[in-house]
Amino acid sequence: MILPPATLAMLGGGQLGRFFVATAHEMGYAVWVLDPDAECPAGRIADRHLCAAYDDAHALAEIAEHCAAVTTEFENVPAATLASLAAKIPAHPSAGAVGVCQNRIAEKTFLRDNGFPHGLFAVVLSDADIEAANPDLFPGILKVARFGYDGKGQVVVESREAALAAYRTFRGEAAVLEKRLVLDCEVSVVLARDAQGQTRCFPVAENQHTRGILDVSIAPARVAAALADEARDIAGRIAAKLGYIGVLAVEFFVSGGRVFVNEMAPRPHNSGHYTLDACTASQYEQQVRALCGLPLHNPRAHSVSVMVNLLGDCWFDAVGEAREPDWNALYAVPNLKLHLYGKRRARPGRKMGHFTVVGDRLDEALDTALAARREMGIG
């Protein structure tokens with residue numbers, strides 16, 4: 001076990017890293033953050049912010065010398081960085097697991113080769129791959145293999161011709177073409193797994209997206225118990241197959257009453273923010289525990305919850321003038337918990353914060369959250 005007052009390292013300085021830093025501090029640890037952004041949210045509250053590239057040799061040498069273990073808050077950290085640090089200190093999740101999750105081709109191939117349910121897809125490395133693609137893939141979604149998130153790097157394509165035109169805008173980037181499923185809903189499972197293979201799942205969340213960005217998460221998801229159990233089982237088996245240590249999120253499409261794995265995130269997840277306010281342990285505490293070899297909590301929800309993302313759009317009025325949102329409108333709502341990420345600059349589409357409404361009845365919590373969402377001018 002790695003015990004306080006040890007120093008931990010976080011690769012990435014966004015809001016997920018900020019919550020990790022705050023949680024680790026409460027548990028008695030110091031935290032260093034590596035992020036090239038001088039104003040990153042996690043770096044502003046860390047014990048030390050190494051403002052450098054993720055492959056900066058000097059920064060990595062300092063982490064290896066002074067930190068007891070290292071983790072990550074986003075999947076696009078170079079896998080080679082994790083592998084380099086893992087040779088000297090515990091690094092979880094592993095470079096291999098992150099490498100699968102950060103490349104859609106590797107991810108889809110992993111799901112297919114290991115028998116996990118997934119939608120029909122094809123690897124696209126050239127125009128010829130689209131020209132030869134199964135007609136059943138249309139209508140579909142063309143996605144870049146690397147660095148796509150929050151709806152970026154993906155295009156809905158109704159036909160082979162549209163897919164060819166979209167692929168040419170990717171300028172030679174590898175991609176995957178996925179069949180567009182008719183959705184009942186989308187759900188996600190956030191879990192923690194330790195070095196002994198013990199897995200603990202949070203309640204399944206139901207997710208609604210707007211323009212490819214998570215908008216609302218409802219926990220527990222409004223799906224049949226058997227379907228929620230199946231999603232948790234699949235997520236646990238994915239973690240085991242990856243030899244995963246840490247917090248993992250698995251997103252699912254539900255179509256025709258069946259679950260299909262959409263994608264995995266080797267870190268805490270936006271749809272797991274509700275665990276901060278509605279569960280006996282948050283996803284960030286589980287991340288600290290898994291990293292440090294501490295016993296995992298068996299987390300339970302003490303409240304139902306509805307989480308709403310606050311994007312940078314809320315910081316602009318109807319004519320595009322910048323202004324501070326009316327936080328009093330949210331603070332006046334009973335059982336609403338507001339979390340702001342401390343980002344210096346707002347811009348449309350940027351995740352600036354979230355709020356979670358907790359309660360005893362899901363219908364009441366949802367009505368309250370949606371009313372507060374409207375009050376903030378969302379949707």
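To be clear, the structure that these remarks concern was listed above.
This is a predicted model, so every value here is computed, not measured.

Asks: Mind laying out the overall build of the protein chain, listing which residues take part and the relevant values?
Replies: Tallying secondary structure elements over the protein chain gives 13 helices and 17 strands in all. At 21 Å, the protein chain has a C-alpha radius of gyration in line with the 21 Å of a compact globule built from 379 residues. Principal-axis analysis of the C-alpha atoms gives the protein chain an extent of 60 × 50 × 45 Å. Taking the average place of the 37 positive charges on the side chains of the protein chain and the average place of its 44 negative ones, the gap between the two points comes to 1 Å.

Asks: Now, about the sheet that holds strand S8 (residues 175-179): what can you tell me, with residues and values included?
Replies: Within the open sheet, the four strands sit side by side as S5-S8-S6-S7. Their pairing is antiparallel. If you trace the sheet from one side to the other, it starts and ends with strand S5 (121-124) and strand S7 (154-157), each paired once. Averaged over neighbouring strand pairs, the angle between their axes works out to 20° when direction is ignored. Relative to S7, strand S6 (residues 140-144) is paired through four bridges, and the arrangement is antiparallel. Within S7, the residue paired with glycine 140 across the bridge is valine 157.

Asks: So what's going on with the nonpolar core? Residues and values would help.
Replies: Ranked by size, the top nonpolar core spans 28 residues in total, and within it Phe110, Ile238, Leu242, Leu248, Val250, Phe252 and Met264 carry the most contacts. Broken down by element, the residue count for this core peaks at eight residues, all from helix H9 (residues 225-242). In contact with leucine 248, not counting residues within four places along its chain, are Val189, Val190, Leu191, Ala235, Ile238, Ala239, Met264, Ala265, Pro266 and Arg267.

Asks: Requested: an account of helix H11 (residues 283-292), with residues and values cited.
Replies: With 10 of 10 residues buried, H11 is to be regarded as a mostly interior element. What H11 keeps buried is the set Gln283, Tyr284, Glu285, Gln286, Gln287, Val288, Arg289, Ala290, Leu291 and Cys292.

Asks: Tell me about empty space enclosed by the protein, and please be specific about residues and values.
Replies: Under the defined criterion, the tally for this structure stands at two cavities of 30 Å³ or more. Estimates place the volume of the largest cavity at around 60 Å³. Forming the boundary of the largest cavity are Lys108, Gly119, Leu120, Phe121, Glu178, Lys179, Leu181, Phe253, Val261 and Asn262. Every element with two or more residues in the lining of the largest cavity is listed here: S8 and strand S14 (258-265). When grouped by side-chain class, the residues that make up the lining of the largest cavity number five nonpolar, two polar and three charged. Within this model, the second largest cavity holds a volume of roughly 50 Å³.

Asks: Describe the state of the cysteines, with residues and values.
Replies: Inspection of the entire model under this criterion finds zero disulfides. Not part of a disulfide, cysteine 185 finds its nearest cysteine sulfur in cysteine 201, a span of 17 Å. Residue classification places cysteine 185 among the buried residues on the basis of a relative accessible area of 16%.

Asks: Tell me about the packing of helix H1 (residues 15-26) against H11, and name the residues and values.
Replies: With their axes 9 Å apart at the nearest point, H1 and H11 run at an angle of 70° to one another. One way to sum up the angle between H1 and H11 is to call them roughly perpendicular. As for the relative orientation of H1 and H11, their crossing is right-handed in sense. Of the residues in H11, those in contact with Leu16, Phe19, Phe20, Thr23 and Ala24 of H1 are Tyr284, Glu285, Gln287, Val288 and Leu291.

Asks: Report on the pairing of strand S12 (residues 213-219), specifying residues and quantitative values.
Replies: The element S12 is largely enclosed, with a buried count of seven among its seven residues. In this sheet, S12 lies alongside strand S11 (residues 205-210) in antiparallel orientation, the contact comprising five bridges. In the sheet register, asparagine 207 faces S12, and the bridge partner there is serine 217. Count of turn residues in the S11/S12 antiparallel hairpin: two residues, of which arginine 211 carries a positive phi of about 55°. Taken together, the four bridges between S12 and strand S15 (residues 304-311) define a ladder with antiparallel strand orientation. Paired with serine 217 across the bridge in S15 is methionine 307.

Asks: Residue-level account of helix H3 (residues 57-66), with values.
Replies: All of the buried residues in H3 are Ala59, Leu60, Glu62, Ile63 and Ala64. Structurally, H3 contributes buried residues whose contacts are with strand S1 (7-11), strand S2 (30-34), strand S3 (48-50) and helix H4 (79-86). Between a side-chain oxygen at the N-terminus of H3 and the backbone nitrogen of histidine 58 the separation is 3.2 Å; the capping residue is aspartate 56.

Conventions we followed
- Residues numbered from 1 in each chain as written.
- Predicted model: local features only at pLDDT ≥ 70, side-chain atom pairs only at ≥ 80, totals over all residues.
- Heavy atoms only, no water.
- Helix = DSSP H or I, 4+ residues; strand = E, 2+ residues; numbered from the N terminus.
- Rg over C-alpha atoms; globule rule 2.2 N^0.38 Å.
- Lys, Arg positive; Asp, Glu negative; His and termini not counted.
- Charge placed at Lys NZ, Arg CZ, Asp CG, Glu CD.
- Pairing = 2+ DSSP bridges.
- Axes fitted to C-alpha atoms, helices over the stretch in contact; angles between N-to-C directions.
- Core = buried A, V, L, I, M, F, W, Y, C linked by side-chain atoms within 4.5 Å.
- Buried < 20%, exposed > 50% of the residue type's maximum accessible area, 1.4 Å probe, protein only.
- Contact = heavy atoms within 4.5 Å.
- 1 Å grid on protein atoms, 1.4 Å probe; cavity = no way out; pocket = protein on both sides within 12 Å on 5 of 7 lines; lining within 4 Å.
- Points joined across faces, edges and corners; volume = space filled by probe spheres on them.
- Nonpolar A, V, L, I, M, F, W, Y, C, P; charged D, E, K, R; others polar.
- Disulfide = S-S within 2.5 Å.
- Parallel < 35°, antiparallel > 145°, perpendicular 65-115°, else oblique.
- Left-handed = near helix turned anticlockwise from the far one by under 90°.
- Polar contact = N/O pair within 3.5 Å; in protein donor to acceptor, adjacent residues only side chain to side chain.

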